[in-house]
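Spelled out, the chains give:
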Amino acid sequence: MEFSSVDTMWVLIGAALVFFMQAGFAMVETGFTRAKNAGNIVMKNLMDFSIGTPTYWLVGFGIMFGTNNAINGLIGNFDFMVRGNYDDTFPTMALLIFQTVFCATAATIVSGAMAERTKFSAYCIYSFLISALVYPISGHWIWGGGWLGELGFHDFAGSTTVHMVGGVASLVGAAIVGPRIGKYSEKGESRAIPGHSLTLGALGVFILWFCWFGFNGASTVSMTGDNIVSASKIFVTTNLAAATAAVFTMFITWIRYKKPDVSMTLNGALAGLVAITAGCDAVSPFGAFIIGIVASFVIVFGIEFVDKVLKVDDPVGAIGVHGLAGAAGTILTGIFALPGSQEDPSLFGLAYGGGFKMVGIQALGVVAVAAWVAVTMGIVFTLIKKSKIGLRVAPAEEIAGMDITEHNIESSYADFMISTAVADSKFKDSEPVPSNVAIPVVNNSKPGAKMTKITIITNQNKLTRLHTALDSIGITGLTVTNVLGHGMQKGHTEYYRGTPVTIKLLPKVQIDIIVCKIPPQTVIDTIKKVLYTGNIGDGKIFVSDIENVVKVRTGEQGYDALQDNE
Amino acid sequence: MEFSSVDTMWVLIGAALVFFMQAGFAMVETGFTRAKNAGNIVMKNLMDFSIGTPTYWLVGFGIMFGTNNAINGLIGNFDFMVRGNYDDTFPTMALLIFQTVFCATAATIVSGAMAERTKFSAYCIYSFLISALVYPISGHWIWGGGWLGELGFHDFAGSTTVHMVGGVASLVGAAIVGPRIGKYSEKGESRAIPGHSLTLGALGVFILWFCWFGFNGASTVSMTGDNIVSASKIFVTTNLAAATAAVFTMFITWIRYKKPDVSMTLNGALAGLVAITAGCDAVSPFGAFIIGIVASFVIVFGIEFVDKVLKVDDPVGAIGVHGLAGAAGTILTGIFALPGSQEDPSLFGLAYGGGFKMVGIQALGVVAVAAWVAVTMGIVFTLIKKSKIGLRVAPAEEIAGMDITEHNIESSYADFMISTAVADSKFKDSEPVPSNVAIPVVNNSKPGAKMTKITIITNQNKLTRLHTALDSIGITGLTVTNVLGHGMQKGHTEYYRGTPVTIKLLPKVQIDIIVCKIPPQTVIDTIKKVLYTGNIGDGKIFVSDIENVVKVRTGEQGYDALQDNE
Amino acid sequence: MEFSSVDTMWVLIGAALVFFMQAGFAMVETGFTRAKNAGNIVMKNLMDFSIGTPTYWLVGFGIMFGTNNAINGLIGNFDFMVRGNYDDTFPTMALLIFQTVFCATAATIVSGAMAERTKFSAYCIYSFLISALVYPISGHWIWGGGWLGELGFHDFAGSTTVHMVGGVASLVGAAIVGPRIGKYSEKGESRAIPGHSLTLGALGVFILWFCWFGFNGASTVSMTGDNIVSASKIFVTTNLAAATAAVFTMFITWIRYKKPDVSMTLNGALAGLVAITAGCDAVSPFGAFIIGIVASFVIVFGIEFVDKVLKVDDPVGAIGVHGLAGAAGTILTGIFALPGSQEDPSLFGLAYGGGFKMVGIQALGVVAVAAWVAVTMGIVFTLIKKSKIGLRVAPAEEIAGMDITEHNIESSYADFMISTAVADSKFKDSEPVPSNVAIPVVNNSKPGAKMTKITIITNQNKLTRLHTALDSIGITGLTVTNVLGHGMQKGHTEYYRGTPVTIKLLPKVQIDIIVCKIPPQTVIDTIKKVLYTGNIGDGKIFVSDIENVVKVRTGEQGYDALQDNE
């Protein structure tokens, strides 16, 4: 058999890039959720791929691409361990790896929507079922020679086949598992639950965008003949739709929420990518531009709809990005497909005078696949929920965080700040505990002098000015602690992804000073001068008594111990 | 038309890699700046690419590569939406995407140099103008058939065309926007402002280095004939210059600063990459080695020069890396270009006996492009600064951080440490807040009464319930601190990678309350009801005396200062 | 000379991917170690590649692939700066860059195993020696035409040549440098030292897996003829072994440790990748599946063996992942190699009836290479240890962290939480000043058993010793808070990128203790003994009164509530 070098290389490089999407999903999902679940979410991302790979090889691939059976239009022929041949221009193994990484993408989408409360064991089970059956069967309809593909349904790289399958499974799963504790108020108002690293979330989006060039571009599965032109155009349409969707999402959020929303704009870029995936080969760059614009509206209003109307809690926006933008992109392909872009010349976009034939087939495909996934995954999630395994962790586990309860990780960032917390009790070094060193002891020369502790709680941005002012009156010793707090100022309202956030506890700094020589009133007056604006949130000052102070280096106590500080 | 499979594939893979540089820039820029601006900087990185993509498609590409006009040497022909044909060996769409990602690289460089104080709206505007006009016009001179290219100016992959354009725009922009608050002392001494994640910064550098193989390697835009050899050599020269520059930067910093400086060495690697970009095809590996060494001196002394002599505040070193190393690399190409490496056989490096002809042309190109960018961007930045929009945020916004002021993000790491801060006030679980918490509140107080501080140390997952319960008895002011501690519960044993972990100090929260009107015993009873389970680890309550409290906003003291809290 | 476009492109893309492994290693190693060493570990990752690149070009490559000398089977011919020709289907420069990145992989493995206590200068020296001599010589035996390759030893992409070389060097190095302070108890029990970012560690694993498609796939160094099929199969076997190993590692840890262990499962995926590397071209997908299963057992029990039996401290599991799984994978190739997969038709796997010939050769190769590396690196590490340079930092430096002691980085996350710590002392605004109000003095006397709060503020690296000392006098309850502060020690000056940094507020810990039965003076004397060095920065002790303490679990108050604490 004579295979094509360039076609095979193109498919393999594409497979590597689509694999790397797992890293992108892992970063997006962990960045947009809370630190207490960080280890759990990366573990889920790792395991859906790791479980999906052997599953798809053993079972799924045959169901999707196997051809020799009676009900070929609905389900492929079982081909245990992929022993058949499926292509002439490149080896079957190249097709297998390429399709494996696509299958894993569908499975991994669900982990984000159901994050922070879904049991790990339940997750493993339904990931297995998506890879083994749900994805391969609807995949067979479209790409495996099944009835939808025969009808002329056009889903080039998988807006429906991959993304909407993941998105619909997300919707059903997130609805059945229920919202996270605290997501909706008693009145049913949605509350934002900010994630723990916007930077990792953004990194994930950049990784996904990068990999999408493989996802869409390599879906030509060829780099010869017309596919040279096709692949080049796909790179342009894919990139243009993503960029345009990001720009328009930014503007929409700027208008709706008064400020450009970072995380929604990141979702907007992904929505553009998902939406262009179905028709990236069939539309013009101008078509991609329009699809990008539509995707931006779909994502902003779609995420708000899911969150506020359906009241389905989707921590990362997966339902909007993959489900809604996937469906929209598939249908838009029926509107913007260029004449001559389809095998059947009667099929082309409504916008070019193609009438409702193609757009109808596209809509039919969307509905059929959505129904298939909703029903099957609805059954799967319900069965898991009712079984001994259960779909959701206990409330106390959810509050404590899934890292500790599901994986025995005290924290995914255990060492982050306190780097000596786990160290050696038998520690020996060149500075041993001085057992026989004479420590100078100086008696307090003014035993009657009262010492006072002054504690200030105020906003972080006042710290430097306060420090400088205290310095100017002779106080140079102080201790600063990051705290959360509020007094009168009971949180302020802001918008996060269109949802009002009431953060009851605000970040503050606590500054502790001990004074003796300098009169406390002088210190308090100075602090007040620096902090006063007349607005709520100026801060409070607490005064209390200190019995003694010891300076370790000199052994001085009381008044003397403080003389370098004030 | 018969295109080349391998040439097209090479260009497309290169385009994907150069796109991924955006992730590298985002990580470098956010890692080397402060946490309070993390969301803002990734948003800028996202938007320069997203704005640049449609802009370059609509306008910029035509200006850079369009050929049919009268002043062809200075500016290309406008080609709205890129409808012309520009190459014979691969589709125009492949050229478009490849050039789009190069254009975006030039634009994104500026965001780092002007980080932490430049308005987001201003950023969007000048990013648009760089992509639409500034970059395409000087790009036309060099790569689009313009006068510099005709002269024999050699800038293979863009040390000048891309990097120096970004670097000069950075210098002009950073100078006009002015240094960050606190960057220079009153005496004008430079102060370091460390970033918030050296690890993300390093990740960014590794990503950039990886992508540079696409940036330089795929700039052959061909993988046939002599370009096979050329591309292979480019991989070697690119890598060798980067590695050598990193090694020498390390040694220089080791000598100058006594210890090997990590962030400067990371910059050194990037400087080597920028410097080799102009001549990566024309010099030998040995030439690349020398260029890497020169780049290391340029970066260390260049960054110090910009920082201490010019007193231009460049948080990430972009002016040095892209501007100075870009200029140096372009000129060094005139010194180390091998005989026969240029179309015009009379052009080759000074070091090989080529005289000053080539190095003179290289220097001319550097000066011309630098002047073009300095003048046009100087005008752009000045106009924005004088307009209603403004170039810089207000001092108070800068100190508060641009995440909150520009994007309404409380923190890009909102959840990082205190994972229960935003949780449910209607929280229901198997341990509900005791409904019999209706403890009679007796006003034992009057102005001048005793004030008491109550400190609770307990598990983090009790925070929300405690907060709710305290609220219900009228206490709304409190301060929360993350602490490590243990009392009776001397750590518990868990397994980490099969090893028992004894964490002696467990994460806890400390809650401080000051009461006056409400009797301390009432508060203590309430706390006990909420925290009590009968298990070890329920927590402790500490009671101490407070002499006075001052509310800064109102000047109230003692009893009065606490009335909104209780 | 007529080179192949596709072969060259395949090799170059592979080289770029294998380069990117450096990012993966950097993230895995920094994520699995402590924050105080984060900058040091990424610097080591950067420098092993940066030192290795020119070294391999100048010396290593010739030793590995040079052919024209008398002892050709043992060592290649020196070829300074790689001037010879080494291949017919692609340029020598393509081979050079491909082999350079493989060499760097071997070197970088060691940094993880010896992390958190190895001197940076020592690291640079042995990295140089690995790249110059150790790796090239055993590499010559296998891939450079040497005696092992001649025997029929099959190590397709480097389970032994690359990974086991790194793994054995890790074992020898980690054993000679000794365990980190605190890793083993006095009784020799292993203790876990959790890292500072599981998410970055997971990102690193995803990056490595992605790059492994280049590592194994591009090791065909050809994409023509049979290699089209071979490369496609390699993608499948590589991916399948990794996924299977991850799944089985998860199950093994679930059974052994009761919960699925995230970091061990991440190591499991890497072990699968390392193990399949030797035979990825020679085994069937089913063979890869079995190799993945074996790798999962090797990694779990191997890491436990190294940790608990050998008592070698390997913070990231490099010895298990690269050493043990590398050896296992090489030998398993002798069991599962398909008939006809080797040049010599008599060589194929034991499982297919090939007898012990091939598996014997594989085992011989493993033993020979392991011995070579163990002896040479044993000498290298011992010489460095005995030299003036030294292999390990001082205990005090290790406890303080290598970022500050080796690189003058106060913290790699200096700005992370306290974003205003370095700001402007000359900041002026227009906020008005409030009027003064007299503060009433509140006197209060309290009855009952006296309880005293003792607050210590000192350096973080004193925490463990203080904790131990307080334990020894009966105080077991305490609370630790990370604070910023200074007294006499008003910041110290360090250099960051050539700029003096004056950090006025230094990271400190605050420790709070409440005592009742134990006399406060006893506690203070103990604290003074532990903290005293006579240098500025020893810390301060504050003593104040506590009115009451309540233990929630028992309801005890005052004296009684403290009895388990003191």
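Quick caveat: nothing in here was measured; it's all calculated off a predicted structure.

What follows covers the overall build of chain A. The number of helices and strands found in chain A is 17 helices and seven strands. Of all 566 residues assigned to chain A, the portion counted as buried reaches 70%. For chain A, the accessible surface area stands at approximately 16,300 Å², while carbon and sulfur atoms represent 62% of it.

Another aspect to go through is the pairing of strand E1 (residues 451-458) of chain B. Residues and elements named next belong to chain B. Here E1 lies mainly inside the structure; eight of its eight residues are buried. Across the two faces of E1 the burial is the same, with Met451, Lys453, Thr455 and Ile457 and Thr452, Ile454, Ile456 and Thr458 all buried. Where E1 lies against strand E6 (residues 540-546), seven bridges are found, and the strand directions are antiparallel. Within the sheet, the bridge partner assigned to Ile454 lies in E6 and is Val543.

Turning our attention to the pattern of salt bridges. Residue and element names in this part refer to chain C. What the rule picks out here adds up to 23 salt bridges over all chains. Salt-bridge contacts for Lys308 lead to Glu304; the nearest nitrogen and oxygen are separated by 4.0 Å. One end of the pair is Lys308 and the other is Glu304, both in helix H10 (residues 285-309) and four residues apart, which spans about a single turn. The exposure class of Lys308 is partly exposed, given its relative accessible area of 32%. The exposure class of Glu304 is buried, given its relative accessible area of 9%.

Turning our attention to helix H8 (residues 226-257) of chain A. Residues separated by three or four positions in an α-helix point in the same direction, a consequence of the helix having 3.6 residues per turn. All names here are of chain A. End to end, H8 covers 46 Å across 32 residues, agreeing with the expected 46 Å (1.5 Å per residue, within 8%). In terms of residue burial, H8 counts as a mostly covered element, since 24 of its 32 residues are buried. At the C-terminal side of H8, Lys258 shows a positive phi close to 75 degrees.

Below, the discussion takes up the interface of chain C and chain B. On the chain B side, the residues contacting the 117 residues of chain C number 116 residues. Carbon and sulfur atoms make up 69% of the surface buried where chain C meets chain B, a total of about 9,800 Å² over both sides. Connecting chain C to chain B are zero salt bridges. Put simply, chain C and chain B have six residue pairs in polar contact (both at pLDDT 80 or more) between them. Counting residues per element, the side of chain C that touches chain B draws most heavily on helix H1 (residues 5-31) of chain C, which supplies 15 residues. Within the side of chain C that touches chain B, the residues separate by chemical class into 67 nonpolar, 34 polar and 16 charged.

Residue and element names in this part refer to chain B. Mapped onto the elements, Thr33 comes out in the loop between helix H1 (5-31) and helix H2 (38-65). A relative accessible area of 1% places Thr33 in the buried class. Sequence-wise, Thr33 and Pro194 are 161 residues apart; in three dimensions their C-alpha atoms are separated by 6.9 Å. Beyond its immediate sequence surroundings of up to four residues, Thr33 is in contact with Ile41, Ala115, Glu116, Gly195, His196, Pro315 and Val316.

Now for the environment of Gly178 of chain B. All names here are of chain B. If you trace the backbone, Gly178 turns up in the loop between helix H6 (159-177) and helix H7 (198-217). For Gly178, a relative accessible area of 11% corresponds to the buried category. For the pair Gly178 and Met114, spaced 64 residues apart in the sequence, the C-alpha separation amounts to 8.7 Å. With residues near it in sequence (within four places) discarded, Gly178 still touches Arg117 and Arg392.

A word on the nonpolar core. Note on soluble globular proteins: their nonpolar side chains tend to be buried together. Within the largest apolar cluster, 468 residues are counted, with the highest numbers of intra-cluster contacts made by Phe210 of chain A, Phe210 of chain B together with Phe210 of chain C. Every residue in contact with Phe210 of chain C, bar those within four places of it in the chain, is listed here: Ala16, Leu17, Phe19, Phe20 and Phe210 of chain A, Phe210 of chain B together with Leu17 and Phe20 of chain C.

It is worth spelling out the packing of aromatic side chains at this point. This model, assessed by the stated rule, comprises 81 aromatic pairs over all chains. Here Phe297 of chain C and Phe301 of chain C contribute two aromatic rings whose centre-to-centre distance is 6.3 Å and whose plane-to-plane angle is 5 degrees, an arrangement assigned as stacked. Of the two residues, Phe297 of chain C and Phe301 of chain C both sit in helix H10, four residues apart, roughly one turn of that helix. Among the aromatic residues, those joined into a ring-pair cluster are Trp10, Trp209, Phe213 and Phe235 of chain A together with Phe19 and Phe49 of chain B. Against the face of Tyr184 of chain B rests Lys183 of chain B, its NZ or CZ located 5.8 Å from the ring centre.

What follows is about unusual backbone geometry. Even without being a glycine, Glu116 of chain B presents a positive backbone phi close to 80 degrees. Along the chain, Glu116 of chain B turns up in the loop between helix H3 (92-113) and helix H4 (120-143). The backbone of Asn408 of chain C sits at a positive phi, close to 60 degrees, despite the residue not being glycine. With respect to the helices and strands, the residue Asn408 of chain C is situated in the loop between helix H14 (402-407) and strand E1 (451-458).

Time to look at empty space enclosed by the protein. Within this model, the second largest cavity holds a volume of roughly 300 Å³. Among the residues forming the lining of the second largest cavity, the class breakdown is 26 nonpolar, seven polar and no charged.

Turning next to the environment of Ile276 of chain B. Residue and element names in this part refer to chain B. Note that Ile276 resides in helix H9 (residues 262-277). Along the primary structure Ile276 and Lys36 are separated by 240 residues, whereas in three dimensions their C-alpha atoms are 35 Å apart. When near neighbours in sequence (up to four residues on either side) are disregarded, Ile276 contacts Ser159, Asn216, Thr237, Thr238, Ala241, Val283, Ala288 and Ile291.

The subject of this paragraph is helix H3 (residues 92-113) of chain A. Helix length check: H3 of chain A, at 22 residues, gives a terminal C-alpha distance of 33 Å against a target of 32 Å (1.5 Å per residue), a fit within 8%. Burial within H3 of chain A is extensive, with 22 of its 22 residues counted as buried.

Okay, the packing of helix H9 (residues 262-277) of chain C against H10 of chain C next. Residue and element names in this part refer to chain C. As a packed pair, H9 and H10 sit with axes 8 Å apart at the nearest point and diverge in direction by 130 degrees. Compared by their axis directions, H9 and H10 come out oblique. For the element pair H9 and H10, the recorded crossing hand is right-handed. Taking contact as the criterion, the partners of Met264, Asn267, Gly268, Ala271, Gly272, Ala275 and Ile276 in H9 are, on H10, Ala288, Ile291, Ala295, Ile299, Val300 and Ile303.

Before going further, it helps to spend a moment on the state of the cysteines. Under the defined criterion, the tally for this structure stands at zero disulfides over all chains. Cys124 of chain C carries a free sulfur, and the closest cysteine sulfur to it, the one in Cys103 of chain C, is 15 Å from it. On the accessibility criterion, Cys124 of chain C (11% relative accessible area) is buried. Here Cys211 of chain C stays free of any disulfide, with the sulfur of Cys211 of chain B as its closest cysteine sulfur at 11 Å. On the basis of relative accessibility, which here comes to 0%, the residue Cys211 of chain C falls in the buried class.

The subject of this paragraph is the side chain of Thr249 of chain B. Residue and element names in this part refer to chain B. Along the chain, the position of Thr249 falls in helix H8 (residues 226-257). Residue Thr249 is classed as buried on the basis of its relative accessible area of 0%. Separated by 2.6 Å, the side chain of Thr249 and the backbone oxygen of Ala245 make a polar contact. If we ignore the near neighbours within four places in the chain, the residues touching Thr249 are Met264, Thr265, Gly268, Ser296, Ile299 and Val300.

A grouping of Leu171, Phe305, Val309 and Leu310 of chain A is seen on the molecular surface, where their side chains present a nonpolar patch of about 330 Å² in accessible area. Relative to the helices and strands, Phe305 of chain A is located in helix H10 (residues 285-309).

So, about the confidence of the model for chain A. Residue and element names in this part refer to chain A. Taken as a whole, chain A shows an average pLDDT of 87; of its residues, 87% reach a score of 70 or greater. Counted against residues more than four places away or in other chains, residues 417-445, with its pLDDT under 50, gives 72 contacts. Of the regions scoring below 50 in pLDDT, residues 488-492 engages in 18 contacts with residues more than four places distant in sequence or in other chains. In the predicted assembly, ipTM is 0.87 and pTM is 0.88.

Definitions and limits used
- Residues numbered from 1 in each chain as written.
- Chains lettered and ligands numbered in written order.
- Predicted model: local features only at pLDDT ≥ 70, side-chain atom pairs only at ≥ 80, totals over all residues.
- Heavy atoms only, no water.
- Helix = DSSP H or I, 4+ residues; strand = E, 2+ residues; numbered from the N terminus.
- Buried < 20%, exposed > 50% of the residue type's maximum accessible area, 1.4 Å probe, protein only.
- Areas by Shrake-Rupley, 256 points an atom, 1.4 Å probe, with all protein chains shown as cover.
- Pairing = 2+ DSSP bridges.
- Salt bridge = Lys/Arg side-chain N within 4 Å of Asp/Glu carboxyl O.
- Expected span 1.5 Å × (residues − 1).
- Contact = heavy atoms within 4.5 Å.
- Buried area = accessible area lost by both parts, 1.4 Å probe.
- Polar contact = N/O pair within 3.5 Å; in protein donor to acceptor, adjacent residues only side chain to side chain.
- Nonpolar A, V, L, I, M, F, W, Y, C, P; charged D, E, K, R; others polar.
- Core = buried A, V, L, I, M, F, W, Y, C linked by side-chain atoms within 4.5 Å.
- Phe/Tyr/Trp six-rings, centres within 6.5 Å; stacked < 30°, edge-to-face > 60°.
- Lys NZ or Arg CZ within 6 Å of the ring centre and 35° of its normal.
- 1 Å grid on protein atoms, 1.4 Å probe; cavity = no way out; pocket = protein on both sides within 12 Å on 5 of 7 lines; lining within 4 Å.
- Points joined across faces, edges and corners; volume = space filled by probe spheres on them.
- Axes fitted to C-alpha atoms, helices over the stretch in contact; angles between N-to-C directions.
- Parallel < 35°, antiparallel > 145°, perpendicular 65-115°, else oblique.
- Left-handed = near helix turned anticlockwise from the far one by under 90°.
- Disulfide = S-S within 2.5 Å.
- Patch = residues over 30% accessible without salt bridge, like charges linked within 9 Å, V, L, I, M, F, W, Y side chains within 5 Å.
- pLDDT = per-residue confidence, 0-100.

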